[in-house]
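Analysis of the macromolecular model
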Amino acid sequence: MAVDLLLGLQWGDEGKGKIVDVLTKNYNIIARFQGGPNAGHTLVFNGKKHVLHTIPSGIFHDDAINLVGNGVVIDPVIFKGELDKLAEQGIDYKKSLLISRKAHIILPTHRLLDAASEASKGKAKIGSTLKGIGPTYMDKTGRNGLRVGDLELSDWKKRYRTLADKHESMIDFYNVELEYDLGELEDEFFKAVEMLKSLTFIDSEEYVYQAQKSEKTILAEGAQGSLLDIDFGTYPFVTSSNTTAAGACTGLGVAPNQIGEVFGIFKAYTTRVGSGPFPTELFDEDGETMGRVGNEFGATTGRRRRCGWLDLVALKYACQVNGVTQLNMMKGDVLSGFKTLKVCTAYKYKGEVIEHLPYNIEPENIEPIYTEVNGWEADLTKMTDESQFPKELNEYIEFLEKELEIPITIVSVGPDRNQTIFRK
Ligand code: GDP
Ligand code: IMO
Ligand code: MG
């Protein structure tokens, strides 16, 4: 059975957690394949909001297995925090949560290195979530990392010490002011590792292979978004993993010819949190309205998200890189009340009109070219069927489908699990 993917097509926070939760009823296994606690995936049901960082968004469904794949980086302290919250809600995660032995571990010193690196960059900082993501992936590719499977070895603490000591001298190298008490951070870390060790560690690529062979359905849940991809995103203002479809192959051990549906998820407008270019960003009342109505604050850091119009040039690029087969449009409800909506359909790039994403989209090179469409007045949040959609929303959807040449199969009209409309 092929593995389906759900991926963010913008700069993250598209609503992946919500849709994975909605789709989980169709799958046996939900698997994260990259990223780590830099992610914040929000689920809302029964009047309650839940935010997950490392744990897959299928965890609230009794009969789904949730796998943290080899491509993920795990901070035991944050992971323990997530588990404690699940336990408070009576979720029996021990039977449904599996962790790849090949997933890498975020050490307290990785977090400190992240902070030191950002501080040393000054104005040029990435705007990292400071969860230690970059330094941990650097140790992975540098072949120095500590993996989940290492925790089963008798000398893992020695390995830990060697790496942490090296990190301390690297922190000194940055020569920035950083106050920390490593002893305290390590106490918390070692406690959390003990909790992590009470979970089931597996050889996940073998598990995934056998699951596919026995016709189990698998949905791979992306974190971040395509424009934050280490190769295809707005480098260097990106994260340190491949957030695009190929990342699911390397992050789970799925062969490329075993990928089935690719759900590409996007907001009806655009947001970005952290630094980096954003051609359609708004600095006016319209942007302020999107932020306020859409409650655009980061689920991990609480930072205000930058807002702007939908960028079809960037969206097309993301669809291409991922091989998207179905689109999910989120947060259309936030646009109710705008008289006209703008959609960027081309860029003026160094004086020339182009329709593809060039190497450099820094503001000095790019001017977005907009197509204007009519907005809608109606409140969408109570709608339960597409037959209730205002004419202008249907026109907006059809315009995007025509431009992107991919069907929009899900339209989300609010944060709740039930505010999800499947289009026929
Ligand atoms: P993720 O990282 O892709 O899972 O997305 P986040 O959870 O970081 O951010 C999405 C935010 O939008 C969350 O607060 C969701 O509860 C909320 N949300 C998701 N879908 C909708 C929608 O259709 N309408 C509105 N108004 N909010 C939504
Ligand atoms: P989800 O899965 C939005 C951004 C950060 C920063 C850059 C690098 O919730 O969509 P990092 O901590 O990875 O070194 O940060 O990437 N970023 C996200 N933005 N959603 C996320 O995840 C993000 N994860 C990282 O703000 O600009
Ligand atoms: Mg998020």
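Please refer to the structure placed before this passage.
Residues numbered from 1 in each chain as written. Chains lettered and ligands numbered in written order. Predicted model: local features only at pLDDT ≥ 70, side-chain atom pairs only at ≥ 80, totals over all residues. Heavy atoms only, no water.

**Digging into the coordination of the magnesium ion (ligand 3)**
Let me state the cut-off plainly: We call an atom a donor if it is N, O or S and sits within 2.8 Å of the metal, or 3.2 Å for Na, K and Ca. Water is not counted, so some sites may look partial. Secondary structure elements follow DSSP: runs of H or I no shorter than four residues count as helices, runs of E no shorter than two count as strands, and numbering proceeds from the N terminus. A 1.4 Å probe rolled over the protein chains alone gives each residue an accessible area, and that area as a share of the maximum for its type sets the label: buried under 20%, exposed over 50%, partly exposed in between.
Protein coordination at the magnesium ion (ligand 3): the donors are Asp-13 (OD) and Gly-40 (O), at 2.1 to 2.2 Å from the metal. You can see Asp-13 sitting in the loop between β1 (3-8) and α1 (16-23) and its partner Gly-40 sitting in the loop between β2 (29-32) and β3 (41-45), a full 27 residues away along the chain. The buried category is assigned to Gly-40, whose relative accessible area is 11%.

**What to know about helix α2 (residues 76-88)**
A turn of α-helix holds 3.6 residues, and therefore any two residues three or four places apart point the same way. In plain terms, the rule: One fewer than the residue count of a helix, multiplied by 1.5 Å, yields its expected span. Side-chain atoms alone can form a polar contact between residues adjacent in sequence; in general such a contact is a pair of N or O atoms within 3.5 Å, and within protein one must be able to donate a hydrogen while the other accepts it.
Taking 1.5 Å as the rise per residue, α2 with 13 residues should run 18 Å; its terminal C-alpha atoms sit 18 Å apart, in good agreement. When α2 is considered as a whole, its buried residues turn out to be Pro-76, Val-77, Phe-79, Glu-82, Leu-83 and Leu-86. Here α2 starts with a cap whose side-chain oxygen sits 2.8 Å from the backbone nitrogen of Val-77, and that cap is Asp-75. At the C-terminal side of α2, Gly-90 shows a positive phi close to 75°.

**Examining the packing of helix α3 (residues 108-121) against helix α5 (residues 156-174)**
Using the following cut-off: Axis lines are fitted through C-alpha atoms, for helices just across the contact stretch, and the angle between N-to-C directions can take any value from 0 to 180 degrees. Angles below 35 degrees are treated as roughly parallel, those above 145 as roughly antiparallel, those between 65 and 115 as roughly perpendicular, and all remaining angles as oblique. Crossing handedness: left-handed means the near helix sits turned counterclockwise from the far one by under a right angle, and right-handed means the same turn made clockwise. Throughout, a contact is declared for two residues whenever any of their heavy atoms are within 4.5 Å. Gly falls in the polar group here, along with every residue not listed as nonpolar (Ala, Val, Leu, Ile, Met, Phe, Trp, Tyr, Cys, Pro) or charged (Asp, Glu, Lys, Arg).
Close contact between α3 and α5 brings their axes to 9 Å; oriented N to C, the two are set at 15°. In terms of their interaxial angle, α3 and α5 are classed as roughly parallel. Here the hand of the crossing between α3 and α5 comes out left-handed. Every residue of α5 that contacts α3 at Pro-108, Thr-109, His-110, Leu-112, Leu-113, Ala-116, Ser-117 and Ser-120 is listed here: Tyr-160, Leu-163, Ala-164, His-167, Glu-168, Met-170, Ile-171 and Tyr-174. Partitioned by chemical class, the residues of the contact of α3 with α5 number 10 nonpolar, five polar and one charged.

**With respect to the site of ligand 2**
Formally: Proximity is defined per residue: any heavy atom of the residue falling within 4 Å of a molecule or strand makes that residue near it. Computed with the Shrake-Rupley method and a 1.4 Å probe, the accessible areas treat only the protein chains shown as cover for residues.
Within the structure, ligand 2 sits among 20 residues, and Asp-13, Lys-16, His-41, Thr-129 and Thr-239 are positioned closest to it. Contact between ligand 2 and Thr-129: an oxygen atom at 2.5 Å from a side-chain N or O atom of the residue. Expressed as a share of its isolated accessible area of 550 Å², the protein-covered part of ligand 2 is 97%. Broken down by class, the residue content of the shell around ligand 2 amounts to seven nonpolar, 10 polar and three charged.

**Some details on the nonpolar core**
Note the cut-off: By convention a nonpolar core is built from buried Ala, Val, Leu, Ile, Met, Phe, Trp, Tyr and Cys residues, the set being connected through side-chain atoms within 4.5 Å.
Core analysis: the largest hydrophobic core is formed by 55 residues, its most contacted members being Phe-266, Leu-327, Met-329, Leu-335, Tyr-396 and Leu-400. For this core, the element with the highest residue contribution is helix α11 (residues 391-404), accounting for six residues. For Met-329, the contacting residues outside a window of four places in its chain are Phe-266, Ala-268, Leu-393, Tyr-396, Ile-397, Leu-400, Ile-408, Ile-410, Val-411 and Ser-412. If you look at the next biggest cluster of nonpolar residues, it comprises 33 residues, including Leu-43, Phe-45, Leu-83 and Tyr-93.

**Re the pairing of strand β16 (residues 340-349)**
For clarity, the threshold we go by: A pair of strands is considered paired only if DSSP assigns at least 2 bridges between the two.
The buried fraction of β16 is high, at seven of 10 residues. Pairing of strand β14 (residues 310-311) with β16 involves two bridges; the strand directions are parallel. In the sheet register, Leu-310 faces β16, and the bridge partner there is Val-343. Bridging between β16 and strand β18 (residues 366-374) involves nine bridges; their strand directions are antiparallel.

**Examining the layout of surface pockets**
Keep this limit in mind: Here a cavity denotes a set of grid points, spaced 1 Å apart and computed over the protein atoms alone, in which a 1.4 Å probe fits but from which it cannot get out, and a pocket denotes an open set meeting protein on both sides within 12 Å along at least five of seven lines; residues with an atom within 4 Å of a point are reported as lining. Grid points are joined across faces, edges and corners, and a volume is the space filled by probe spheres set on the points.
Estimates place the volume of the second largest pocket at around 580 Å³. Thr-42, Gly-294, Arg-305, Lys-331 and Pro-415 are, among the 28 residues lining the second largest pocket, the residues nearest its centre. Of all the secondary-structure elements, those providing two or more residues to the lining of the second largest pocket are α1, β3 and β4 (48-52). Element by element, the count of residues in the lining of the second largest pocket is highest for β3, at four residues. Within the lining of the second largest pocket, the residues separate by chemical class into nine nonpolar, 10 polar and nine charged.

**Quick notes on a negative patch on the surface**
Filter applied, for reference: Patch definition: residues with relative accessible area over 30% and no salt bridge; like charges joined within 9 Å; nonpolar side chains (Val, Leu, Ile, Met, Phe, Trp, Tyr) joined within 5 Å. One speaks of a salt bridge when a side-chain nitrogen belonging to Lys or Arg is within 4 Å of a carboxyl oxygen belonging to Asp or Glu. The charged-residue count follows a simple rule in which Lys and Arg add positive charge and Asp and Glu add negative charge, with His and chain termini not counted at all. The atoms used to mark charge sites are NZ of Lys, CZ of Arg, CG of Asp and CD of Glu.
A cluster of acidic residues, Asp-181, Glu-184, Asp-187 and Glu-188, forms a negative patch on the protein surface. Among the structural elements, Glu-188 can be located in helix α6 (residues 182-197).

**A look at the sheet that holds strand β9 (residues 200-202)**
Strand order in this open sheet of 10 strands is β9-β7-β5-β2-β10-β1-β11-β15-β19-β20, and the pairing throughout is mixed. A single partner strand is all that each edge strand has here, and the edge strands are β9 and β20 (420-422). Across the sheet, the mean angle separating the axes of adjacent strands is 25° when strand polarity is ignored. Where strand β11 (residues 259-267) meets strand β15 (residues 326-330), five bridges bridge the pair, whose relative direction is parallel. When the sheet's bridge partners are listed, Phe-263 is paired in β15 with Gln-326.

**A closer look at the environment of Lys-131**
Looking at where Lys-131 falls in the secondary structure, it is placed in the loop between α3 and α4 (133-141). Spatially, the C-alpha atom of Lys-131 lies 23 Å from that of Phe-278, the residues being 147 residues apart in sequence. Contacts of Lys-131, omitting those with residues within four sequence positions, involve Pro-37, Asn-38, Ile-78, Ile-106, Arg-111, Asp-114 and Thr-300.

**Things to note about the site of ligand 1**
For clarity, the threshold we go by: To qualify as sitting in a cavity or pocket, a molecule needs more than half of its atoms within 2 Å of the grid points.
If you check the shell around ligand 1, you find 19 residues, and the closest are Gly-15, Lys-16, Thr-42, Asp-333 and Ser-412. Between ligand 1 and Asp-13, the relevant distance is 2.9 Å, taken from an oxygen atom to a side-chain nitrogen or oxygen of the residue. Within the side chain of Arg-305, a nitrogen or oxygen atom sits 3.2 Å from an oxygen atom of ligand 1. Taken atom by atom, the bulk of ligand 1 overlaps the second largest pocket. Elements supplying a minimum of two residues to the shell around ligand 1: α1 and β3. Of the residues forming the shell around ligand 1, the biggest block, three residues, is contributed by α1. Among the residues making up the shell around ligand 1, the classes are represented as five nonpolar, seven polar and seven charged.

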